[in-house]
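Commentary on secondary and tertiary structure
Here are the chains, one letter per residue:
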Amino acid sequence: KRTTISMSVILNRTVRLRVGAGSAKPGPAIGQALGPLGLNMAEFCKQFNDATKGIDVNTPVPVVLSAFSNRTFTFVTKSPPTTWFLLKCAGLK
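This report concerns the structure included in the present document. Just so it is clear, the model here is predicted, and its values are computed rather than measured.

Some details on the packing of aromatic side chains
Under the defined criterion, the tally for this structure stands at six aromatic pairs. Here Phe48 and Phe75 contribute two aromatic rings whose centre-to-centre distance is 6.4 Å and whose plane-to-plane angle is 50°, an arrangement assigned as tilted. A residue pair is termed long-range when its members are at least 10 positions apart, and Phe48 in helix α2 (residues 41-51) and Phe75 in strand β3 (residues 73-77) qualify at 27 residues. By relative accessible area, which is 0% here, Phe48 ends up buried. Between Phe73 and Phe75, the aromatic rings sit 6.5 Å apart at their centres with planes inclined by 25°, giving stacked as the arrangement. In this pair, the class of Phe73 matches that of Phe75, namely buried. The structure contains a cluster of three or more aromatic residues connected by ring pairs, namely Phe44, Phe48, Phe73 and Phe75.

Okay, here's the thing in structure tokens:
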């Protein structure tokens, strides 16, 4: 499946977030990042939760979100931080 973006759509900003897998909800943490960009927080949360449904709930997942001038967005999820895995294996978290 190919996605094309019109040349008239300009990348406004790239935002880096860390959100718990499968537990994103429109709240202050996400709202402060996406609100000023005019993005639909509920839509991001729905798409993010669908994308992370195979990961343990509340595992911190880094996200790189690209916000475009027409109020659309794309995002890429990264692997959880190594420190989170180390703390989990050590039984500290």
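After presenting the structure, the write-up continues.
Here we look at the environment of Thr74
Tracing the sequence through the fold places Thr74 in strand β3. For Thr74 and Gln47, which are 27 residues apart along the polypeptide, the C-alpha to C-alpha distance reads 9.8 Å. Discounting residues that sit within four places of it in the chain, Thr74 has contacts with Val64, Leu65, Ser66 and Phe68.

How each quantity is defined
- Position numbers for residues start from 1 in each chain and track the written sequence from start to end.
- pLDDT decides what is reported in this predicted model: residues at 70 or higher carry local features, side-chain atom pairs at 80 or more are listed and counted, and totals for whole chains, interfaces and linings draw on all residues regardless.
- Derived side-chain values reflect all non-hydrogen atoms in the structure, with water molecules and hydrogen atoms excluded from consideration.
- Note on aromatic contacts: the rings of Phe and Tyr and the six-membered ring of Trp form a pair at centre separations within 6.5 Å, being stacked when their planes are under 30 degrees apart, edge-to-face when over 60 apart, and tilted otherwise.
- Numbering of helices and strands starts at the N terminus; helices are DSSP runs of H or I of at least 4 residues and strands are runs of E of at least 2.
- Categorising residues by exposure relies on relative accessible area from a 1.4 Å probe, with only protein chains included: less than 20% of the type maximum marks a residue as buried, more than 50% marks it as exposed, and the intermediate range marks it as partly exposed.
- Note on contacts: a residue pair is in contact if any heavy atoms of the two residues lie within 4.5 Å.

Interpretation note: all reported values are geometric properties and have no functional meaning in isolation.
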